Each structure stands twice: as C-alpha cells, then as structure tokens.
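Geometric and topological summary
Here are the chains, one letter per residue:
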Amino acid sequence: MDFFKLLGKGTKFNSKRFQEDIDIFKNKSTNIEEIKDTVDVEEESAVPELDFFNTNKTAKENKEVKKDKNKKEKKVEETNENDIEPEINFSNQSEVQKFRLNHKIKIYGTDVPNPIQSFKDLKTIYNVKPYLENNLKDNGFNMPTPIQMQATTIMLHKRDLIACSPTGSGKTLSFIIPILHILKSPMKKGFRAVIISPTRELAQQIYREFQMIAKGKPFRFCLLSKATNLNTETGYNKNFDILISTPLRLVHAIQHESIKLDGVQQLVLDEADRLLELGFLEQMDEIIAACNSPTLQTSLFSATIHSGVESIARTIMKDPIRIVIGQKNAATETIKQKLVYVGGEEGKLIEIRQMIQSGLKPPVLIFVQSVERAKELFHELVYDGINVDVIHSERTKAQRDNIVNNFRIGKIWVLITTELMARGMDFKGVKLVINYDFPQSVQSYIHRIGRTGRAGRDGEAVTFFSRDDVTYLKSIVNVMKSSGCDVPDWMLELKKPTKEMKKKLRNRPIQRKTINTMSKYDKQKILHKQDMINNSKKRKQNTKSENNNKKQKSE
Ligand SMILES: Nc1ncnc2c1ncn2[C@@H]1O[C@H](COP(=O)(O)OP(=O)(O)OP(=O)(O)O)[C@@H](O)[C@H]1O
C-alpha cells in the first residue's frame, strides 16, 4: 500500500515537502490512484447538524412553534399556578418523545420528567422566581439548548443525573438554573451546593456565570482559594450558600476541618469523566464521603462520558437518569475539522509559520502536550511578530489570570497552552484551534477542539500529525466521521489502535524532538531588529505629538 498517497488523500498534505518520507515508504507501495498535493478532509457534512441554538430554524418551523406555544400558553393561563402539573407543556407522552427526537435528546432511566420547551416553561411549570427569568433574558438566553431543556427538569425533580452533551452546548447553565431555584434564597446554613471543576480557571468561569444568573438575589458564592476566610472552628461556613472549587483545594479544607459538607444537597461534578479519572479519583472519594446528607442529589456533566466512568458514577448515585445529546462522545458539529500531515517535528513549525504568513484569524488556541513544549513553542513564535502568549501550570496564578483575561478581551491573539485550557473554558470568539501536538486521547481531542465552535458558532480545528502519530490517527478519524465530517474511505480503513496502545499513549506522551529551529544568535538578531523598529515607531509618534502640541500652542 502506498502509505503516503493514502496520507495525502483527505488531509492537507504537501507531497513536494515530504518527498523524503515518500521515498522511504515507496518500496512498500502498491498501485493507487494519483493524489492532489493538498486536499482538505472537511467537505460539506451530509449528516444533519445539531442546532442547539436554533440558528437553522426555518421561518415556517418558527411560525409553527410560535403557534404551538401560544396554544400552550393559553392553556397555562387558564390554570391556577398551584395546580400546574409538569406534563402541562405536552399533551401526551408521544408528543414528548417526538420533541426529544427533534432535539436529539436521548434519555435512559425511569420516571424521567418532561423537558421544558422554552425558558417560559420554568416560570409556568416550576414557578421559578422572576429574577432568574429576567437574568436569563438580560443575558440573551432566549431559548434553552437541548441539554438545558432536559437536564434542568431532571435536577428540578431532584433526581441524580449523568449528562453527556457536546462542548459549548450550554451545560453550565443547565445546572445553575435548578440549583438557584432549589436553594430558593440565601440562608445562614452554610454550603448547600458544591460544584467541582478540574481546573481553577474553569471554577472561576463557573463562579462568574453563577453570579450573572443570580444577579438581584443575594446568594453568597465561595470560590475556594488559599485566601478564602473559612470558619476553622466549626467548619460550618454560614456566610456562604454555594461552593465552587477544584478537588485538591477542597480536600485540603476538609482535612483541616475548615469545611463541613453534611448540609450539601446538590453536588455537581463538571467535567465529570476527568474528575473520576486516576489522579482526581481519590480526592473525589473524599469529597463525596464528606457530602453525607441522605438527601444529597448528585449530577455529572461532560462532553465525554465513557462506560467506565458511568460504572464508577453509578456506585455513588441513586437511580440516576442518563441524558445523551446527539452522538455520544462526538465533537461539536459546527467545527470544521482538518488533519494536516507534517512529516517530522520540523514540519510542524514550517506549517504553523505558513499559516501565520497566510493570515491567522485571531483568537487562536494552540495545544501542545507538555509545559516544556509550550515554553519551547512560545520562544519560537514570539519572534514571528504575532501577539502570542503561553499559559501552563508553571505560570503563577496572577499570570494565569492576566493571560485568560487578556485572551478574552483580544489583547492576546494566539495562546499556546497545555491540557490546562482544554476543558470547559468558554472563549466565545475562538476561531481556530491548532493541535500542534497530536492529542493523547479521543477525549482530549474532543475537548481541545471544543474551545471553538461554541454556542452555535462556526469554528475550525487543525490537527498536525507526524509519522509518529499515524498509529493513533484512526481514533480521531472516527470522531470526525461521527460528528458529520466527510472522511475519505481509506482513513476509515486504517487499523484501530489497540486498547493497550491507547492506554500507553494516555499515560505517556510520544517523545518528540525539541521545538527549535533558530540559533540563539538568530533569535537575538530578530529581537534586536524588532526593538529597533518599535523604538523608531515610538520616536516618530513622539515627534508627531510634539509638533502637534507646538502647533496648538502657536495657534
Ligand atoms: N440558551 C442559550 N442560548 C444562547 N447561548 C447560550 C445558552 N446557554 C449557554 N449559552 C452560551 O453557550 C456557551 C457555552 O456554554 P457552556 O460553557 O455552558 O458550554 P458547555 O456545554 O459547558 O461546554 P464544555 O463542554 O466545553 O464545558 C457560553 O458562552 C454560554 O453563555
């Protein structure tokens, strides 16, 4: 089989550049049709898209929904609020099933409450307080996404929940709404809800979203950090209602008895599959043991929940309902996914520089496999005159906070990162994700590329693969296929990596050559030249403003 012809087909592959690689493999080739120099994997998807945010709805459909809603609203108006049954928004169960099917909501479990069809249903059926309704409206949340339609009602019925819904589909709001409604008002009872997130940055983001949706209601949120003033005497922190934390910080507080969690009624594990992996699992055990109220309700959320995680989850849950939105463990369909063959390590820098030269549309996120490589790549790209920064676990908290803020407001155009930013982070405008290093698992791929194409927006994800990564290519190809990408048949015929191979890669990244093309001397030369240009620009600006001042004075 002519492996390199196959590699080129359906991926962005420059056969001139990789002539040497082609020559190495030529002996093994069989007769295969001629291929083009560069062909993109992505073509128009034949699979109908998940339209979470109703962006594709036709006018006709809209009209019908409106008519339907008017009918239902009328029905609700005629009913006394206290008499309202949760079934009011549907005439019968077959209507419910049809609605779920239309919104690609799959449910597994017994006595599953009906979904809501609009945020208005929250008021009419569950009697949520006006502040919640208003805050949703004020923040532009007009229609619930499928996960919000179904997860909110399951949580409002105080059922345990395992929810799997694509990246950027609004999972955060689907637990914030029911928690705020169930807690009703601030009370001097200490923590009643706990949300765990794998990273500090994601915890901060959740904290901000809670504050936004709770505006006008004086709930007290605690984003746990070293600086939090906890009640070390009793452990009951009566000045707070809702706690948001990473596992390690919380376990530390539990062990030092500065936090008691026996009053917690709502426990949410965001990015649950990550939290239930080795590394976090022990800490999670301790947290779950501390949340020992018999009426505790536990909810797990992620874009990727595999069966192993579900089995663990079931040991800590009571008769949970499981929701899957769209295809399980698939990437978001609004993301255009591309694979680019780069030959060896050197090829990656050439490729990324070509992308920069042909004009990258910021903001862009670049993922690498380690802190070391993040630093190396940063030291390469910082000389390319783009507005680039790097974030990883070795940067200080203050630096990390600054970088996240500056990336959000557009001061940083290109952000190099490790897995730290792969999950949950909601940078709405990210146009492009580049997997500079091939991801170590399918889950990592789905979450990394999920930083683009959020809230119904379009996005693009480019994944570089080298000779070393080819063995693992099939896993990513499968994700591309199941999320609606048109993938060439030969790619689908690639051999799947074995379980052992996948495990090995998950545990230890592929050893790669250092990212370094320039000598120190060359780097310093470029830096010096850039400094000179900047200084000259400054001088010109200063002279201009001095002349203006003189002119104004003389006038
Ligand atoms: N009903 C809605 N209408 C419009 N936008 C929404 C709605 N719900 C959420 N969003 C927006 O969608 C974006 C993604 O939401 P969120 O971060 O909760 O996604 P997620 O499913 O948790 O993603 P991930 O799996 O990456 O963590 C956010 O910017 C959020 O404000």
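Residues numbered from 1 in each chain as written. Predicted model: local features only at pLDDT ≥ 70, side-chain atom pairs only at ≥ 80, totals over all residues.

As for unusual backbone geometry
- The omega torsion of the bond from Pro 362 to Pro 363 falls at -5 degrees, within 30 degrees of zero and hence cis.
- Positionally, Pro 363 belongs in the loop between α14 (345-357) and β10 (364-367).
- Despite not being glycine, Glu 257 shows a phi value in the positive range, around 55 degrees.
- Checked against the element boundaries, Glu 257 lands in the loop between α10 (247-255) and β6 (266-270).
- Positive phi is not limited to glycine here, since Asp 319 has a value of about 40 degrees. (Helix = DSSP H or I, 4+ residues; strand = E, 2+ residues; numbered from the N terminus.)

Section: the packing of helix α7 (residues 146-156) against helix α8 (residues 171-183)
- Their axes nearest at 8 Å, the elements α7 and α8 cross at an angle of 30 degrees. Taken as axis vectors, α7 and α8 run roughly parallel relative to one another. The chirality of how α7 crosses α8 is right-handed. Contact with α7, carried on its side by Ile 147, Gln 148, Ala 151, Thr 152, Met 155 and Leu 156, involves Lys 171, Leu 173, Ser 174, Phe 175, Ile 177, Pro 178 and His 181 of α8 and no other residues of that element. (Axes fitted to C-alpha atoms, helices over the stretch in contact; angles between N-to-C directions. Parallel < 35°, antiparallel > 145°, perpendicular 65-115°, else oblique. Left-handed = near helix turned anticlockwise from the far one by under 90°. Contact = placed C-beta atoms within 7 Å.)

Things to note about the UniProt feature "domain: Helicase ATP-binding" (unreviewed entry) in the protein
- UniProt records the feature "domain: Helicase ATP-binding" (unreviewed entry) at residues 152-323, using the numbering of this structure.
- Measuring from the first to the last C-alpha atom of residues 152-323 gives 11 Å, for a span that is 37% helix and 17% strand. (UniProt positions renumbered as here; feature names shortened; annotations may be inferred.)

Regarding the sheet that holds strand β1 (residues 105-108)
- With mixed pairing, 8 strands are arranged side by side in an open sheet as β1-β8-β2-β7-β6-β3-β5-β4. Unpaired on one side and paired on the other, β1 and β4 (221-223) mark the two borders of the sheet. When the angles between neighbouring strand axes are averaged without regard to direction, this sheet yields 15 degrees.
- In the sheet, strand β3 (residues 193-196) pairs with strand β5 (residues 242-245) via 4 bridges, with the strands oriented parallel. Bridging across to β5, Ile 195 finds its partner in Ile 244.
- Packing of α7 onto the sheet brings it into contact with β1, β2 (161-164), β7 (297-302) and β8 (321-325), and relative to β8 it is tilted by some 170 degrees. (Pairing = 2+ DSSP bridges.)

Here we look at the sheet that holds strand β14 (residues 459-466)
- Here 6 strands make up an open sheet; going across it, the order is β9-β14-β13-β10-β12-β11 and the pairing parallel. Unpaired on one side and paired on the other, β9 (335-343) and β11 (388-391) mark the two borders of the sheet. Looking at each pair of strands side by side, their axes are set apart by 20 degrees on average, direction ignored.
- Contacting β9, β13 (432-435) and β14, α14 crosses the sheet at an angle of about 130 degrees to β9.

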